[in-house]
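Summary of structural features
Here's the letter readout for the chains.
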Amino acid sequence: MAGKDDIIEIKSRLDIVTVVSQYVELRRAGKTWMGNCPFHNERTPSFHVNPQLGIYKCFGCGKTGDIFTFVQEYEHIEFPEALEKLAQQAGVTLSRSRDDAQTKEIQKQRKMHELVDKFFQHLLMSHKVGEYAKKYALEKRGLTAESIEKFHIGYAPRSGNDLIQFLTKRGYSQKEMYAAGLLNEKQRDKFTDRLMFGISDNSGRVVGFSGRVIRAEDERPKYLNSPETLIFKKRLILFGFSQAKQQIGQKDMAIMCEGQLDVISSAQAGVENIIAPLGTGLTDTQLLLVKRITPNIAFAFDNDTAGKKSLLRGVEMALSIGMTPYILSIPSQFKDIDELVKENPELWQQTAEKPKEFFDEALKGLETVMKKDFSLFEKKLQQLLEVISHAPDLKKALLIKEFSQRLHIEESVLLSSVQRRTVPEQLQQGIQQRQGAVTTAEYLLSLMLQFPLFALFITKKPGGEKYFLSDVQKKLYLSLYSFALAYKDFLKSSTLPDGTQKNWNSIATEFYTAIGNTYSAYIQNIQEDTEIAATIQKLGTLEATMSLEITDEVVKDFQNATSRLKKGVITLRIQELRDKLGAIDEDENAEETDILGKELQKYYSRLRKLEQR
């Protein structure tokens, strides 16, 4: 990975507003910029970008970071990829990238998978070793040559060392093959005698494989997937996503199914806006990937108990991130999409064109069951209320109202059931809010980050750091004070060049016009200290100060908060001194008692002065 100098250089060349504006429509709001958050669904903008500090924060979902974390989160890539992308955009040559072991390993794994993908495809379509697998793929599974190429389908031979020999001849060691997930613990080919499906990342590069057994007598697990590696992260990838992105956008709808063959069969039938998780449970990260393109998700899981359970879990996650869930019902005589397409592709096409809103269908089912089996009705209603409890408040209220009207059950009854289910979550949020409460010290430092000249208001002479209790707060204050001291002349003149009286807003505007770039560079430099960087990340995105304009009222509030801070520290010191006095014997330690008493009186005097202001 590149060194700190490279990262600082990239940040100095790339303005965070420019970077974020490539993905989000921003508008100026004072000294910050605002827009709708790209990480969750919202109508009222709560996403802020601060160009001076080089950070962003959403006060809706809590996402925060710098240009690197933004690109990572938005594009679902790891830091090295975000680094390369932004370095290229900034015109920065990463000075250490050629020597970086992880970057080299990533490049090797990508190249290895590209070679292996071609190797497997060649064996399937053009080599005698793959004749049985080819017949299985084309005749039994009904795959076309076009799909085999499009979805990177191939064949892993039976021997257990063919792939090792292939890669060894191309200069790769077995240690590298194992790290890439291509060998097993016995140093043999991980995939043998399987139909292979190449798994592409969001850019269309093959980064892993899923292998399916092809012989009836094969008693091994039906599917075997690549393990997680530097380039293969299951939670960030959906099978078929790179192939389906364009159609998902055009249809404004994504279809989520269970397996690779469902995806491929559906695409062959002309329904191409379809994707699947990788043999594991669906994650909210995968759904967020889809949400970048469309908020609409239609679930088409298998007609079995596991499929129905996965459906409810998928709807819960979709609701929780602001997506609209739909359902595509596969006729009960078919196990899955693959079976349906083989028997009646036209029926699948018609079904896919008319996704049904999940809760509308669920209510129809409840209305039917209600008349026949009240016990079953109650059980299914409880399941759906559990699902609804994951929805945002407004959506939750709308769903409860619809359920009440359709089922003729009082809203209050339904709502109380949903609220009982969400108490633990609300309690957890309450705890987090209390833990994250803004202390006076944090509030002051946050304001100083927005306008560093505030650091000069803590005391008239050096020593203000004594009012901050933690070491990192002391360091940050001293850094801001040192910077402000060099530009204290901005506070001297009380009139503008045109003769009008200065107010605090005009002083701040003048300061940022003249010194803004210098201050931004200074902030980037002091973040070489990782403790300070973490503190700036936290304090620079506090909702209480991030969007404040520097006005006379804000200055007054800063001064009041300064008094509160000093009172708090002095009160704490008084208590410490009283405790010490109470713990010593006055007769045996008269001199120490006298010293502590005088110091105590000094602090009481300071406290009285502050209270008289």
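Thresholds applied
- Residues numbered from 1 in each chain as written.
- Predicted model: local features only at pLDDT ≥ 70, side-chain atom pairs only at ≥ 80, totals over all residues.
- Heavy atoms only, no water.
- Helix = DSSP H or I, 4+ residues; strand = E, 2+ residues; numbered from the N terminus.
- Buried < 20%, exposed > 50% of the residue type's maximum accessible area, 1.4 Å probe, protein only.
- Contact = heavy atoms within 4.5 Å.
- Phe/Tyr/Trp six-rings, centres within 6.5 Å; stacked < 30°, edge-to-face > 60°.
- Lys NZ or Arg CZ within 6 Å of the ring centre and 35° of its normal.
- Pairing = 2+ DSSP bridges.
- Right-handed = clockwise from strand over helix to strand, strands pointing away.
- Axes fitted to C-alpha atoms, helices over the stretch in contact; angles between N-to-C directions.
- 1 Å grid on protein atoms, 1.4 Å probe; cavity = no way out; pocket = protein on both sides within 12 Å on 5 of 7 lines; lining within 4 Å.
- Points joined across faces, edges and corners; volume = space filled by probe spheres on them.
- Salt bridge = Lys/Arg side-chain N within 4 Å of Asp/Glu carboxyl O.
- Expected span 1.5 Å × (residues − 1).
- Bend = angle between axes of the 7 residues up to and from the residue.
- pLDDT = per-residue confidence, 0-100.

Re the overall build of the chain
Scanning the chain from terminus to terminus reveals 26 helices and 14 strands. Buried residues in the chain amount to 49% of all 613 residues. Of the contacts formed within the chain by residues at least 6 apart in sequence, a portion of 67% connects residues at least 24 apart.

So, the packing of aromatic side chains
Evaluation of the coordinates by the stated rule reveals 31 aromatic pairs. Ring centres of Phe 68 and Phe 79 lie 5.5 Å apart, and the angle between their planes is 55°; this geometry places the pair in the tilted category. Placement of Phe 68 in helix α3 (residues 67–75) and of Phe 79 in helix α4 (residues 79–90) is noted, with a sequence separation of 11 residues between them. Assigned by exposure class, Phe 68 and Phe 79 land together as buried. One aromatic cluster is present, formed by Tyr 23, Phe 39, Phe 47, Tyr 56, Phe 70 and Tyr 74 through successive ring pairs. Above the plane of the ring of Tyr 132 lies Arg 215, whose end atom (NZ or CZ) is 4.2 Å from the centre.

A word on the pairing of strand β13 (residues 324–327)
The sheet contact formed by strand β12 (residues 296–299) and β13 spans 4 bridges and is parallel. Its bridge partner lying in β13, Phe 299 is registered against Ile 327. Each parallel crossover has a hand, and the one from β12 via helix α13 (residues 305–320) to β13 is right-handed. In this structure, β13 lies alongside strand β14 (residues 356–357), joined through 2 bridges in antiparallel fashion. Pairing of Tyr 326 across the sheet is with Glu 357, part of β14.

A look at the sheet that holds strand β4 (residues 55–58)
Sheets are built from strands that pair by backbone hydrogen bonding, the pairs being arranged parallel or antiparallel. One open sheet accounts for 5 strands, arranged β1-β2-β3-β4-β5; its pairing is antiparallel. Where the open sheet ends on each side, the last strands, each with one partner, are β1 (27–29) and β5 (64–65). As paired elements, β4 and β5 share 2 bridges and run antiparallel to each other. Counted as the bridge partner of Lys 57 is Thr 64 from β5. Packed on one face of the sheet, α3 meets β3 (47–50), β4 and β5 and runs near 50° to β4.

Re empty space enclosed by the protein
The tally for this structure, following the rule as stated, stands at 3 cavities of 30 Å³ or more. If you add up the space inside the largest cavity, you get close to 60 Å³. Taken together, 13 residues make up the lining of the largest cavity; nearest its centre are Ser 200, Leu 238, Gly 240, Phe 241 and Gln 243. Elements that contribute at least two residues to the lining of the largest cavity include exactly β7 (194–200) and α10 (241–251).

Let's talk about the environment of Gln 165
Take Gln 165: it is sitting in helix α8 (residues 162–168). Classification of Gln 165 by relative accessible area gives partly exposed; the value is 42%. The spatial distance from the C-alpha of Gln 165 to the C-alpha of Asp 189 is 9.8 Å, given a sequence separation of 24 residues.

Digging into the environment of Leu 476
As for its position among the elements, Leu 476 is in helix α21 (residues 471–485). Note: C-alpha distance between Leu 476 and Glu 531 (55 residues apart in sequence) is 9.3 Å. Discounting chain neighbours no more than four positions away, the residues touching Leu 476 are Leu 445, Leu 449, Ile 526, Ile 532, Thr 535, Ile 536 and Leu 539.

What to know about the pattern of salt bridges
Opposite charge on two side chains allows them to pair when their charged atoms are near. This structure, assessed with the given rule, holds 24 salt bridges. Between Glu 75 and Lys 85 there is a salt bridge, and its shortest N-O distance comes to 3.5 Å. Placement of Glu 75 in helix α3 and of Lys 85 in helix α4 is noted, with a sequence separation of 10 residues between them. Given the relative accessible area of 33%, Lys 85 is considered partly exposed. Ionic pairing is found between Asp 393 and Lys 396, a salt bridge with its closest N-O pair at 3.8 Å. Linking Asp 393 with Lys 396, this pair stays in helix α18 (residues 393–407), spanning 3 residues, or about one helical turn.

Let's talk about helix α22 (residues 504–526)
Its 23 residues give α22 an end-to-end C-alpha distance of only 26 Å, which falls more than 12% under 33 Å, the value for a rise of 1.5 Å per residue. Maximal helix bending in α22 amounts to about 70°, located at Ile 515. For α22, every residue scored as buried is listed here: Ser 506, Ile 507, Ala 508, Phe 511, Tyr 512, Ile 515, Gly 516, Tyr 519, Ser 520, Ile 523, Gln 524 and Ile 526.

What to know about the sheet that holds strand β6 (residues 153–156)
Reading across the sheet, the 4 strands line up as β6-β7-β8-β9 and stay open at both edges, with antiparallel pairing between neighbours. In the strand order of this sheet, the two ends are held by β6 and β9 (223–225), each with one partner. Averaged over all pairs of adjacent strands, the angle between their axes in this sheet comes to 30°, without regard to strand direction. As paired strands, strand β8 (residues 206–213) and β9 are joined by 3 bridges and run antiparallel to one another. Following the sheet pairing, Gly 211 is matched in β9 by Leu 224.

Thoughts on helix α12 (residues 284–291)
For α12, the buried fraction is high: 6 of the 8 residues fall into the buried class. Listed in full, the buried residues belonging to α12 are Gln 286, Leu 287, Leu 288, Leu 289, Val 290 and Lys 291. Structurally, α12 contributes buried residues whose contacts are with α10, β10 (254–256), β11 (274–275), β12 and α13.

Side note on the pairing of β12
Alternating residues of β12 divide into Asn 296 and Ala 298 and Ile 297 and Phe 299, and every residue in both groups is buried. Bridge count for β10 against β12 is 3 bridges, and the pairing is parallel. Of the residues in β12, the one forming a bridge with Ala 254 is Ile 297.

Here we look at the confidence of the model for the chain
On average, residues of the chain score 84 in pLDDT, and 90% of them are at 70 or above. Taken element by element, the chain is modelled with least confidence in helix α19 (residues 411–435), mean pLDDT 55, and with most confidence in β6, mean pLDDT 97. Contacts for the low-pLDDT stretch residues 423–437, under 50 throughout, to residues beyond four places or in other chains number 2 contacts.

Examining the side chain of Gln 450
Mapped onto the elements, Gln 450 comes out in helix α20 (residues 440–450). Given the relative accessible area of 2%, Gln 450 is considered buried.

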